[in-house]
Each structure stands twice: as C-alpha cells, then as structure tokens.
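In case you want the letters, here they are:
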Amino acid sequence: MRFYGPSRNAAKDDRMDNELCKTLNLRFPLIQAPMAGVSTPELAAAVSNAGALGSIGVGASTPQQAEAMIRQSLALTSGPLNVNVFCHAPAQRDAQRESAWIARFDERFRRFDAAPPAELSEIYQTFCGNDAMLEVLLATRPAAVSFHFGLPSADFIRRLKSQGIVTLATATSPEEAQVIEAAGIDFIVAQGIEAGGHRGIFNPRAEDRALSTFTLVQAIRQVSRLPVIAAGGVMDGAGIAAMMTLGVTGVQLGTAFVLCPESAANAAYRQLMKSAQSASTVMTAAISGRPARCITNDFCRMMQDVPVQAIPDYPLTYALGKALAGAASAKGDHGYGAQWAGQGAPLARELPAAELVNALVAEWQAAEDLTMG
C-alpha cells in the first residue's frame, strides 16, 4: 500500500485499503496525539486540513469548556476530529497520605514566597459516569472519540457509536487490548513506553510491563483482531515506515507536534524541548499521581526517590503539582512544570502543523522507496 505527499494525489483506492483512512476518510493514516494542555483547536484543525487526524484532549476541561473547544475545532476544519477523554477511576481519598504529601513541599513553596494548598482537590473529572460530558460529545458529534486510562461504561460506548462516532482506546499491554476488543471499541492505540505524557495504563497501581512500541504492537496483534495504531517514539517518516511494516493501520505522534506554533506549549516548555536537556526524560507519577514521561527537570530530580506508595491518587497530586509550578514560574523558575515529552524529543521540529504532516508523509514515501530499492 502506498501513500503520497502533497506533490502527488493519493488515489481513493489506495486510501480504501487502509482501515483507519477508510473509516475516517483520511488521506494519511496519521494521528496527532490529543495531548491535553498542549493540543488546541488550531493545531487539530491544521492537522485535519492536511489530511491526517487532528485531536484535542478535553480530559482537563469542564463540559462547557470542552464544548467550546470542540465547536471551535470543527469551525476551523471540514476534516474529521478526534476528541480524547480520561477514563480514570475516581481518586481514593486518604487524608493522612494527602496531608503528608502537602507537608513534603512546604519548604519548596516557601522558597518561592508561596504557601502550599491547604488540601488537595480532584481538579479533573473522569469521563466515567460523566453524563454532562457525554451529552457534549453526542451534541457535537466529532468523527472520533478516544479513551485514555481505561474505558467508560458499555452504555456510554453504545450511545457514542449509535451516533456514528468512531471509538479508539489506549492499551499499554496485550491484556488491556483484549478488554478494549471485548468492549466493542473500533481501534486500539498501542502506547509504548517511549511515549511522552501520561501512560494510558488502566490501573496505575498494577505492574507496568513497560513494553516498547515495537514489542507492544506485535504482542497486541497476537491476541486481538482489532486494527492497531502505533504510538510512542515515532518522530519522522522513517519511524512511520518502520511501524507500518509491523502491520499497524496507523501511527500516532504527539511529541513531534509540541513545537508547532499552533500548540499551547509555553515559551519555557519550547525552550526546554529545543535544548540538549530534552534528551533526558523520566517516567514519574509524582507530578500528577499517574505515571507520565517528562523531560527531566528540577521537580523530577526532587521526587526521584519518593516511594510510589506515598503519592496520592490522580488527579489529587496534580493539584499540588500545578500550584508548585505556578509559584515557581512566578519567580522565573520553570523547572517544576509538567513538561511532557517522549524519548524522541530531540528530534522534534519547529514547523507549522500542516508542513510537519507533509514532511512526515514525504519522508515516509522516501523510506518506502528506499526499502523497495
């Protein structure tokens, strides 16, 4: 199967050979990862207008904010849109653990002339059982809805699919992939350990086998008949070509889009992404309460020896993490932010999103041509 860059016209028959392109009417089987807090309507629309699948993440949004973001995105593109929601279990409150966590940061807050929060709050609502968010999705009807951290109820899935909405869900193991298939989801996003941002692992307290994207894709294809989308560590067309040889139906890229001018990454985040420091990333649960890959910064170093048992549940931990990052930034110290990035961060390019999509496709075509000799 062949896909062509902007200098050639992809034939409809070529697209129809690919399940992702066929289902969502895409020119290219590429997805811009949702990246809540980084993705914007402008970024998603630019990617969709270029022939790939643009995404926005609304896991950190209220239903009202989510509706505004979705409608703004849809107004900027006639192409398909993917909306990502978080399906985490509600936080299990532990007053002793939470107060100890706040106390741990007292000195650090005082260093920045600030006070830690008096208590931790559940700043993000889960999509599970969130009728208001479901109604937003049913009213706006994006082409696709993707799930992270688990799955909503069978009724929520049924109602989304009854409106013609395509469903995707993240799996970090073959076992999670089997649960996704049994739930009637359309596509599995296989998230390898190289990926930036939050691990989509269903149970953050369970053992994480930390499979690479390469290994995970093959393991999932052994146990599931669903089409698989590779996610994690892919930054260029050569990486896309390599993943496609494994039999995936598409590739999702996140870190590759962080430096696009349409993203919401702030100046400090962008500067870090372009520095030599971006080559060092670490998986940490101390920022938000769930494992996530971040560029190694002062927060990560400060928390490197903290036992996971001491960390409050997501998103309680994130309430303090955001407060500390805000206090530090107010004093000109940007080493405490959630600067999520995958292991391929040094390969990120500062290009407009549409240009990046075109470059990825051209590189992919060149890699296929080289392979075919």
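Residues numbered from 1 in each chain as written. Predicted model: local features only at pLDDT ≥ 70, side-chain atom pairs only at ≥ 80, totals over all residues. Heavy atoms only, no water.

### Details of the sheet that holds strand β11 (residues 292-295)
- Reading across the sheet, the three strands line up as β7-β11-β10 and stay open at both edges, with antiparallel pairing between neighbours. Of all the strands in the sheet, just β7 (197-198) and β10 (281-284) have a single pairing partner and so form its edges.
- The sheet contact formed by β10 and β11 spans four bridges and is antiparallel. Within β11, the residue paired with V282 across the bridge is C294. (Pairing = 2+ DSSP bridges. Helix = DSSP H or I, 4+ residues; strand = E, 2+ residues; numbered from the N terminus.)

### Some thoughts on the packing of helix α7 (residues 131-140) against helix α8 (residues 154-162)
- The contact between α7 and α8 brings their axes to 10 Å, and the two run at 15 degrees. It follows from the interaxial angle that α7 and α8 lie roughly parallel. Handedness of the α7/α8 crossing: right-handed. Residues D131, L134, E135, L137 and L138 of α7 lie in contact with α8, whose contacting residues are F156, R159 and L160.
- For the contact of α7 with α8, the residue count by class is five nonpolar, no polar and three charged. (Axes fitted to C-alpha atoms, helices over the stretch in contact; angles between N-to-C directions. Parallel < 35°, antiparallel > 145°, perpendicular 65-115°, else oblique. Left-handed = near helix turned anticlockwise from the far one by under 90°. Contact = heavy atoms within 4.5 Å. Nonpolar A, V, L, I, M, F, W, Y, C, P; charged D, E, K, R; others polar.)

### Some thoughts on helix α3 (residues 41-49)
- With seven of its nine residues buried, α3 lies for the most part within the structure.
- Among all positions in α3, only P41, L43, A44, A45, A46, V47 and S48 are buried.
- A positive phi of about 105 degrees marks G51, the residue just after α3. (Buried < 20%, exposed > 50% of the residue type's maximum accessible area, 1.4 Å probe, protein only.)

### Some points on the confidence of the model for the chain
- For the chain, the average pLDDT comes to 94, and 95% of its residues sit at 70 or higher.
- Every residue in residues 1-14 is under pLDDT 50, and counting partners more than four places away or in other chains gives 32 contacts. (pLDDT = per-residue confidence, 0-100.)

### Quick word on helix α14 (residues 316-330)
- Its 15 residues place the ends of α14 22 Å apart at the C-alpha level, agreeing with the 21 Å of an ideal helix rising 1.5 Å per residue.
- Of all the residues in α14, the buried ones are L316, T317, Y318, A319, L320, G321, L324, A325, A327 and A328.
- Positive phi appears at G332, one or two residues downstream of α14, with a value of about 85 degrees. (Expected span 1.5 Å × (residues − 1).)

### Considerations on the pattern of salt bridges
- Taken as a whole and assessed by the stated rule, the structure comprises 17 salt bridges.
- For K331, the salt bridge goes to D113, with nearest N and O atoms at 3.0 Å. Residue K331 is located in the loop between α14 and α15 (353-372), and its partner D113 is located in the loop between α6 (106-111) and α7; the two are separated by 218 residues in the primary sequence.
- A residue is classified by how much of its surface remains accessible, and D113, at 62% relative accessible area, is exposed.
- In the salt-bridge network here, residues are joined through shared partners; they are R97, R205 and D313. (Salt bridge = Lys/Arg side-chain N within 4 Å of Asp/Glu carboxyl O.)

### What about empty space enclosed by the protein?
- A full pass over the atoms with the stated rule returns one cavity of 30 Å³ or more.
- Here the largest cavity defines a volume of roughly 40 Å³.
- Partitioning the lining of the largest cavity into residue classes produces five nonpolar, five polar and no charged. (1 Å grid on protein atoms, 1.4 Å probe; cavity = no way out; pocket = protein on both sides within 12 Å on 5 of 7 lines; lining within 4 Å. Points joined across faces, edges and corners; volume = space filled by probe spheres on them.)

### Observations concerning the packing of aromatic side chains
- Summed over all chains, the structure comprises 12 aromatic pairs.
- Ring geometry for F86 and F149: centres 5.0 Å apart, planes at 45 degrees, overall tilted. You can see F86 sitting in strand β3 (residues 81-86) and its partner F149 sitting in the loop between β4 (144-148) and α8, a full 63 residues away along the chain. The pair formed by F86 and F149 is uniform in burial state, with each residue classed as buried.
- Measuring from ring centre to ring centre gives 5.9 Å for F105 and F299, while their planes differ by 35 degrees; the resulting arrangement is tilted. Linking F105 in the loop between α5 (95-104) and α6 with F299 in helix α13 (residues 298-302), this pair joins segments that are 194 residues apart in sequence.
- Residue F105 is classed as buried on the basis of its relative accessible area, which comes to 0%.
- Through pairs of rings, three or more aromatic residues link up here, namely F86, Y124, F149, Y314, Y318 and W340. (Phe/Tyr/Trp six-rings, centres within 6.5 Å; stacked < 30°, edge-to-face > 60°.)

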